[in-house]
Amino acid sequence: MHVFMVPYGQDKRNYMYPSRNSPCPSGVRVHVGTEGSCIRYGMIAIDNIAEGEILFTIPRECLLHPDNCSITALLQQGESELQSESGWVPLVLCLMFEYTCADSKWRPYLDLCPDRNQLDLPMFWDRETISKELQGTGVPDVVYRDVENICHEYHSVAVPFMKKNPEYFDLSVHTLELYRKLVAFVMAYSFTSPKQTSESAHEESVDDDAEEGVDDEAEDVPTLLTMMVPMADILNHVAKNNARLQFGQSRLSMIATRDINKDEEIFNTYGELPNWQLLQMYGFVEKYPENIYDTVDLPLILLREHLEFELDDHLAQAKWNFLRDTEEMLDDNIIIGLDGILNKWETYQTLKICTMTSADFKKLETSFVDEDLDEEGEDGHIEDSLEELFSFDGLMDLPSPWRQLLMVCATKHLKSFKNTMEEDMMLVSEENSTCNASTLNRRQKYACYLRIGQRKLLVKLMQCLK
Ligand code: SAM
């Protein structure tokens, strides 16, 4: 086992140690620095590492979160008034306090908190760039919602609490701007795990490496804890990662998930995230075809528009209401991944009902008594076959009106992006060519990668529907 303990309390820049040129303590297999990293800081293997090896561990005392900071008692007292939709207010207040406290023990860690230029999340982009570059990708709506929520939670939850506790907070220092910066830090650097209960903490002596997780038998959904994890958060992400963080009872361990060669960058996973979500939360995307978790959302509003065009108003409205009221269509989109449609049941119900004749729909409406549309009905047995039917290879077997409907929506959606595929491919090839100076800035580059990945999936869908 090769353990690299976080030399906590030192400046992170000092723990770019061991450097490539300096002798490293025996057992240390990794190096933190900018050299060899895909962006800013990253972790590099300084030796061959075997799958399953522990790269470093972090004792739980080193984690920064509301239950482990200088104002834990204050935040616990205010627990009920600090509740909010995001659940992040206590953590952001804890970070605001530590960040502005000169002698905070978290000072060296927080000194590395990236500024807006480094962490250029779309929440900091101007509206014009967002709507122009990202139209059709689904990102604008979620970013506008984030920006609004952050502002709302600051004014309605954080400010009243800070005003009540002037010995800890000063509104001229703990401003909305600082709040936004630290929300971005949480978005791009935090980790979430089930909260440790006093019982689970006691069990740690039994098996310290036991991974904390959800007990299948447990009836209660575990409370999740969002926390800052120094050192683990220096690792960059790729979908095809080679390491992952394991949450043990008393410590967290970064484990190699495959053999890693000397000089390779060590990549964690931030989750099985599509590019649009990587951009929203982390400010980057992976270039096609690297992100094996990429998806594109086909907005159901397109389908609704088509229904309204094809059917009489009353029938279109009735079908739409039926889908909503019976909760068969909770998603706002048909989600397409690398192997086909992901939300199969919702898509199945939606296509079936949208393409029904008026007479069949009336029959369905009158026979519908239970909330569960298909508890006893013919669809009760179909769920298994949906797996195959909604994979790309199975789409050809869908009834023709269903395929047509999907095709109409995909064709429309394809036109909603900025540029054509050819124009975007051209921009990327210029970007890669050594003779041309890049025509794209960072925002434009990631937006272009995002559009290409999403359009590839739409095109694949359309090919399989023909
Ligand atoms: N490189 C970061 C640093 O120097 O502080 C450490 C990783 S931090 C948890 C996450 C941020 O790193 C992201 O918001 C993004 O800016 C960057 N990042 C991580 N993986 C990346 C990748 N594959 N490509 C580009 N940027 C990446």
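Everything here concerns the structure above.
For the structure given in this document, a descriptive report is provided here.

The rules behind each value
Residues numbered from 1 in each chain as written. Predicted model: local features only at pLDDT ≥ 70, side-chain atom pairs only at ≥ 80, totals over all residues. Heavy atoms only, no water. Helix = DSSP H or I, 4+ residues; strand = E, 2+ residues; numbered from the N terminus. Buried < 20%, exposed > 50% of the residue type's maximum accessible area, 1.4 Å probe, protein only. Phe/Tyr/Trp six-rings, centres within 6.5 Å; stacked < 30°, edge-to-face > 60°. Lys NZ or Arg CZ within 6 Å of the ring centre and 35° of its normal. Pairing = 2+ DSSP bridges. Axes fitted to C-alpha atoms, helices over the stretch in contact; angles between N-to-C directions. Expected span 1.5 Å × (residues − 1). Polar contact = N/O pair within 3.5 Å; in protein donor to acceptor, adjacent residues only side chain to side chain. Near = heavy atom within 4 Å. Areas by Shrake-Rupley, 256 points an atom, 1.4 Å probe, with all protein chains shown as cover.

Glancing now at unusual backbone geometry. Of the consecutive residues Tyr-288 and Pro-289, the connecting peptide bond is found in the cis state with omega at 5°. Within the secondary structure, Pro-289 sits in the loop between helix H8 (275-282) and strand S10 (296-299). Even without a glycine there, the phi angle at Asp-263 is positive, about 75°. You can see Asp-263 is positioned in the loop between strand S8 (251-256) and strand S9 (265-268). The phi dihedral of Asn-419 falls on the positive side, at around 65°, and the residue is not glycine. Looking at the secondary structure, you find Asn-419 in the loop between helix H14 (400-414) and helix H15 (421-432). Judged by relative accessible area, which is 24%, Asn-419 ranks as partly exposed.

Let us look at the packing of aromatic side chains. Scanning the entire structure with this criterion turns up 11 aromatic pairs. Aromatic side chains Trp-345 and Tyr-348 sit 5.6 Å apart centroid to centroid with 40° between the ring planes, which places their arrangement in the tilted category. One end of the pair is Trp-345 and the other is Tyr-348, both in helix H11 (residues 344-354) and three residues apart, which spans about a single turn. Exposure remark for Tyr-348: the relative accessible area of 4% places this residue in the buried category. Grouped by ring-pair contacts, the aromatic residues Phe-97, Phe-161, Tyr-168 and Phe-169 constitute a single cluster. Against the face of Tyr-99 rests Arg-107, its NZ or CZ located 5.9 Å from the ring centre. Positioned above the aromatic ring of Tyr-144, the side-chain terminus of Arg-127 is 3.8 Å from the ring centre.

Now for the sheet that holds strand S2 (residues 42-45). Strand order across the open sheet formed by four strands is S1-S2-S9-S6, with mixed pairing between neighbours. Both outer strands of the open sheet, strand S1 (30-33) and strand S6 (236-237), are each paired with one neighbouring strand and no more. Where S1 meets S2, four bridges bridge the pair, whose relative direction is antiparallel. The residue of S2 that forms the bridge with Val-32 is Met-43.

Within a sheet, neighbouring strands are paired by backbone hydrogen bonds and run either parallel or antiparallel to one another. What the three strands build is an open sheet, ordered S3-S8-S7; its pairing is antiparallel. The sheet is open, and its two edges are formed by strand S3 (54-59) and strand S7 (243-247), each paired on a single side. Here the average twist between neighbouring strands, direction ignored, is 20°. With five bridges joining them, S7 and S8 adopt antiparallel strand pairing. The partner of Leu-245 across the bridge, within S8, is Met-254.

With that settled, the discussion passes to the pairing of S9. Side chains of S9 alternate between two faces, with Glu-265 and Phe-267 and Ile-266 and Asn-268 buried alike. Two strands pair when backbone bridges link them, and S2 and S9 are joined in this way by two bridges, in the antiparallel orientation. Pairing of Ile-44 across the sheet is with Glu-265, part of S9. Judged from the two bridges that link them, S6 and S9 form a sheet pairing that is parallel. Counterpart to Asn-236 in the pairing with S9 is Phe-267.

An α-helix turns once per 3.6 residues; consequently, residues spaced three or four apart project the same way. Taking 1.5 Å of rise per residue, the 24 residues of helix H16 (residues 442-465) would be expected to cover 34 Å, and the 35 Å separating its terminal C-alpha atoms lies within 8% of that figure. The N-cap residue of H16 is Asn-441: its side-chain oxygen and the backbone nitrogen of Arg-443 are 3.1 Å apart.

Time to look at the site of the ligand. The environment of the ligand is formed by 16 residues, the closest being Tyr-41, Tyr-189, Asn-236, His-237 and Tyr-282. One of the backbone nitrogen or oxygen atoms of Ile-39 is found 3.4 Å away from a nitrogen atom of the ligand. A distance of 2.7 Å separates an oxygen atom of the ligand from a polar atom in the backbone of Tyr-282. Protein coverage of the free-state accessible area of the ligand, which is 570 Å², stands at 93%.

Functional significance is not addressed by these values, which are geometric in nature.
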